[in-house]
Amino acid sequence: MKTRKILGIWMDHSVAHLTELHGGAFATRVIESKLVIPMNAGDLHYKDDSHLLSKEQGQLSAYYKKLSDASLGYEEVILFGPTEAKNELANILKENHLFEKINIVVKPADKMTENEQHEFLKEFFNPSEYHL
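Calculation criteria
- Residues numbered from 1 in each chain as written.
- Predicted model: local features only at pLDDT ≥ 70, side-chain atom pairs only at ≥ 80, totals over all residues.
- Heavy atoms only, no water.
- Helix = DSSP H or I, 4+ residues; strand = E, 2+ residues; numbered from the N terminus.
- Buried < 20%, exposed > 50% of the residue type's maximum accessible area, 1.4 Å probe, protein only.
- Contact = heavy atoms within 4.5 Å.
- Areas by Shrake-Rupley, 256 points an atom, 1.4 Å probe, with all protein chains shown as cover.
- Pairing = 2+ DSSP bridges.
- Salt bridge = Lys/Arg side-chain N within 4 Å of Asp/Glu carboxyl O.
- Arc of directions from axis to C-beta.
- Polar contact = N/O pair within 3.5 Å; in protein donor to acceptor, adjacent residues only side chain to side chain.

Enquirer: Give me the overall build of the chain: which residues, what numbers.
Expert: On a plain count of helices and strands, the chain comes out with 3 helices and 5 strands. Seen in sequence order, the chain has helices and strands lined up from the N terminus as β-β-β-α-β-α-β-α. For the chain, with 132 residues in total, the buried portion stands at 35%. Within the chain, counting contacts between residues at least 6 apart in sequence, those at least 24 apart form 67% of the total. Carbon together with sulfur atoms contributes 52% to the accessible area of the chain, which is approximately 7900 Å² in total.

Next up, the structure:
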């Protein structure tokens with residue numbers, strides 16, 4: 001059996017649940033973005049303001065940087081979740097030479113509880129090949 005450093009990241013644009021698989025157990029931590037999205041239609045006109053768009057982009061960049069830093073040192077990383085955030089992060093990781101040797105996989109997934117995320121990861125990674 002192989003012991004591999006595996007990380008699963010369930011994410012959307014507001015929060016990421018990073019789950020490390022090791023020794024038959026899961027260790028999960030949460031990273032929240034500082035992204036503020038208007039909650040009602042009356043606030044949507046602010047989305048056209050270049051200052052707010054720039055601020056939003058900066059907040060997303062900081063969020064993706066935190067997730068990138070947290071992903072270093074793993075052999076396999078699976079990004080999953082309901083929004084395009086997982087694809088955006090995957091593109092950032094694949095452009096960075098530090099992630100050349102890391103197997104990065106992207107899968108769609110709905111909103112999930114922590115237990116559902118663990119089951120998703122167990123099903124994705126073959127338990128007979130890994131110490132899960």
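Enquirer: Run through the pairing of strand E1 (residues 6-11), naming residues and quoting values.
Expert: The buried fraction of E1 amounts to 6 of the 6 residues, a majority that puts the element mostly inside the structure. Neither face of E1 is open: one carries Ile6, Gly8 and Trp10, the other Leu7, Ile9 and Met11, and all of them are buried. For E1 and strand E2 (residues 15-22), the ladder comprises 6 bridges, and the chain directions are antiparallel. Bridge pairing links Gly8 to Thr19 in E2. The turn linking E1 back onto E2 is made up of 3 residues. For E1 and strand E4 (residues 76-81), the ladder comprises 5 bridges, and the chain directions are parallel.

Enquirer: Report on the pattern of salt bridges, specifying residues and quantitative values.
Expert: Proximity of charged atoms lets side chains of opposite charge pair with each other. Taken as a whole, this structure holds 3 salt bridges when the rule is applied. With its nearest N and O atoms 3.9 Å apart, the salt bridge here joins Lys111 to Asp12. Separated by 99 residues along the polypeptide, Lys111 in the loop between strand E5 (103-108) and helix H3 (114-124) and Asp12 in the loop between E1 and E2 bring together distant segments of the chain. Taking the relative accessible area as the measure of exposure, Asp12 reaches 9% and is therefore buried. Between Glu119 and Lys122 there is a salt bridge, and its shortest N-O distance comes to 3.7 Å. Of this pair, Glu119 and Lys122 both sit in helix H3, 3 residues apart, which is roughly one turn of the helix. For Glu119, a relative accessible area of 40% translates into the label partly exposed.

Enquirer: Describe in detail H3, supporting the description with residues and values.
Expert: Along H3, the residues classified as buried are Gln117, His118, Phe120 and Leu121. Relative to the axis of H3, the buried residues are bounded by an arc of 160° and lie together on one face. Across H3 from its buried face, at more than 90 degrees, point the exposed residues Asn115 and Glu123. Structurally, H3 contributes buried residues whose contacts are with E1, E2, strand E3 (25-32), E4 and E5.

Enquirer: Give me the side chain of Gln59: which residues, what numbers.
Expert: On the secondary structure map, Gln59 appears in helix H1 (residues 50-71). Looking at Gln59, its side chain comes within polar contact range of the main-chain oxygen of Lys34, at 3.5 Å.

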